[in-house]
Amino acid sequence: MKKKKITVSKTWIIMVSFLAVIVVGSLLLYMPISTADGKGVSYLDAFFTATTATCVTGLVTLPTVSTWSFFGQAVLLVLIQIGGLGVITVISGFMIVMHKKIGFSNRLLIQDAFNLNSLSGIIVFVRKVITGTFVVEGVGAVLYMTVFVPEFGAKGIWISIFNSVSAFCNAGIDIIAENSLCNYMTNPVINFTTILLIVLGGLGYIVWWDLIRVSAQIKKYGLKSFRRLTLHSKIAISATFIFIFTGAILIFIFEANNPLTVGENTFFEKIQFSFFQSVTTRTAGFATVPQENLTNGASLVSLILMFIGGSPVGTAGGIKTVTVVILFAATMSTIRNQNETEIFNRTLPKKAVNKAVAVCGMSFIIMVSSTLLLSLVCDASFIDIIYETVSATATVGLTRNLTAGLDSWGKMIIICTMYLGRVGPISLAFAFGTRKENRNIIKNPVEEINIG
């Protein structure tokens with residue numbers, strides 16, 4: 001009798017690889033050498049911290065700056081870098097450096113990890129991703145050093161490197177102070193360097209290379225060359241700037257007169273804060289004001305921006321800007337009674353619309369489930385709880401001072417939420433529900449239903 005070959009879905013491999021990194025990281029952080037006092041922490045806190053670093057979220061149950069030793073901070077930095085780039089990308093990068101051949105199955109894993117549509121040039125793509133990441137993080141570290149080295153001395157170099165990697169990977173974990181970047185709310189260098197790193201990380205690698213390609217054609221085509229951007233890049237760039245500026249304007253309106261945040265600051269400082277808050281909610285997690293001091297209006301705007309997140313094939317989380325644009329375009333097409341969904345004079349494939357619906361739906365289910373479960377075990381206001389769960393689902397890391405007070409059940413709920421949010425709703429949908437298409441299957445009869 002012929003044995004049935006067991007096959008493992010590549011989405012399962014990605015999920016397990018992230019879990020493996022989290023487990024290894026938690027064991028390293030559990031060691032006494034990882035803590036500043038040498039006494040160690042509980043394994044649950046170590047596991048929570050490893051999860052938040054690998055899932056580039058930023059929610060922490062223990063203050064990073066005072067809890068972890070240099071070794072512990074180095075472990076966190078490695079976990080953040082792996083989480084930002086992706087486990088499969090890091091492994092492939094090592095294979096490239098060691099001149100090892102990357103087989104077809106590994107190429108499929110890379111394609112799935114980055115959600116790419118083709119295997120063509122995938123090794124070159126990985127090289128560009130790793131090289132571009134290190135270059136941008138290096139520039140960010142140098143900019144940070146102009147502030148942190150004069151303030152902290154030689155230690156400022158390590159702080160700058162850590163903060164640059166964390167910002168680019170949209171992790172939101174820092175080793176500066178227990179109140180994140182609140183001490184630097186009025187410092188333009190820290191603010192705009194962080195904004196730049198967050199935006200570049202969240203914009204997506206595909207957009208980077210497309211912009212570089214088009215920029216090289218400016219001499220030949222002038223500004224019209226930007227019309228030659230791919231549809232993905234046009235959507236990602238347009239949506240990014242629309243969400244950033246719209247978010248900043250709304251936050252300014254709600255917070256300009258709030259004495260608990262920036263009500264007493266200058267006009268420029270209010271503008272600076274508004275843009276920072278609008279950008280950091282796009283899954284970065286750094287804070288220049290305590291989030292619990294925001295008005296209800298600004299909190300609602302932040303929740304929406306957190307849920308949306310950054311763009312695909314980058315370091316950001318959330319349901320992604322492109323997803324939101326596709327859903328909006330599909331909605332407008334339905335309202336206009338159009339059979340096709342069109343954006344920038346291009347027709348979108350129905351598969352893309354269906355995928356956008358799946359991503360949004362799965363994220364919403366994870367967020368609602370987490371909110372309900374956390375409400376059962378946590379005695380806090382609804383706005384604090386949903387802020388926490390949306391932040392965890394979208395791997396943002398902003399909190400209204402709730403994370404540190406979570407009990408064991410609350411920590412485990414947020415751990416699961418961060419993991420599911422990072423692995424990706426669409427990957428979960430495939431991992432738990434994929435099956436081979438049977439073209440010979442008899443289709444069920446079609447029947448009309450009433451909607452709305």
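This report concerns the structure included in the present document.

This part takes up the layout of surface pockets. Here the second largest pocket is characterised by a volume of approximately 580 Å³. Lining the second largest pocket are 28 residues, with Val60, Glu178, Asn179, Ser180 and Thr399 sitting closest to its centre. Grouping the amino acids of the lining of the second largest pocket by side-chain chemistry returns 13 nonpolar, twelve polar and three charged.

Take helix α18 (residues 408-423) next. With 16 residues, α18 ought to run about 22 Å at 1.5 Å a step, and its terminal C-alpha atoms sit 23 Å apart, in line with that. Three or more residues of α18 are buried, namely Gly410, Lys411, Ile413, Ile414, Ile415, Thr417, Met418, Tyr419, Gly421, Arg422 and Val423. Measuring from the backbone nitrogen of Trp409 back to the side-chain oxygen at the start of α18 gives 3.3 Å, which picks out Asp407 as the cap. Backbone geometry just downstream of α18 places Gly424 in the positive-phi region, at approximately 110 degrees.

On to unusual backbone geometry, then. Backbone geometry places Val56, a non-glycine residue, at a positive phi of 40 degrees. Mapping Val56 onto the fold places it in the loop between α2 (43-54) and α3 (64-67). The backbone of Asn345 sits at a positive phi, close to 60 degrees, despite the residue not being glycine. Position of Asn345 among the secondary structure elements: in the loop between β1 (342-343) and β2 (346-347).

Applying the stated criterion across every chain, the model contains three salt bridges. Among the salt bridges present, the one from Arg213 reaches Asp210, with a minimum N-O distance of 2.5 Å. One end of the pair, Arg213, and the other, Asp210, are both in helix α10 (residues 205-215), three residues apart, so they sit about a helical turn from each other.

A contiguous nonpolar patch, built from Leu19, Val23, Leu27, Tyr30 and Tyr43 and spanning about 420 Å² of accessible area, is present on the exposed surface. Tallying contributions element by element places helix α1 (residues 10-30) first for the nonpolar patch, with four residues. Following the sequence through the fold, Leu19 ends up in helix α1.

For Asp384, the location among the structural elements is in helix α17 (residues 382-393). Separated by 2.6 Å, the side chains of Asp384 and Arg400 make a polar contact.

Taken N-terminus to C-terminus, the directions of helix α7 (residues 122-152) and helix α9 (residues 188-203) make an angle of 170 degrees; their axes are 10 Å apart at the nearest point. As far as their axial angle goes, α9 and α7 are roughly antiparallel. Along the contact surface, α7 presents Val136, Gly140, Leu143, Tyr144, Thr146, Val147 and Phe148, while α9 presents Val189, Ile190, Thr193, Thr194, Leu197 and Leu200. Its residues assigned to classes, the contact of α7 with α9 shows nine nonpolar, four polar and no charged.

What counts, and where the lines are drawn
Residues numbered from 1 in each chain as written. Predicted model: local features only at pLDDT ≥ 70, side-chain atom pairs only at ≥ 80, totals over all residues. Heavy atoms only, no water. 1 Å grid on protein atoms, 1.4 Å probe; cavity = no way out; pocket = protein on both sides within 12 Å on 5 of 7 lines; lining within 4 Å. Points joined across faces, edges and corners; volume = space filled by probe spheres on them. Nonpolar A, V, L, I, M, F, W, Y, C, P; charged D, E, K, R; others polar. Helix = DSSP H or I, 4+ residues; strand = E, 2+ residues; numbered from the N terminus. Expected span 1.5 Å × (residues − 1). Buried < 20%, exposed > 50% of the residue type's maximum accessible area, 1.4 Å probe, protein only. Polar contact = N/O pair within 3.5 Å; in protein donor to acceptor, adjacent residues only side chain to side chain. Salt bridge = Lys/Arg side-chain N within 4 Å of Asp/Glu carboxyl O. Patch = residues over 30% accessible without salt bridge, like charges linked within 9 Å, V, L, I, M, F, W, Y side chains within 5 Å. Areas by Shrake-Rupley, 256 points an atom, 1.4 Å probe, with all protein chains shown as cover. Axes fitted to C-alpha atoms, helices over the stretch in contact; angles between N-to-C directions. Parallel < 35°, antiparallel > 145°, perpendicular 65-115°, else oblique. Contact = heavy atoms within 4.5 Å.

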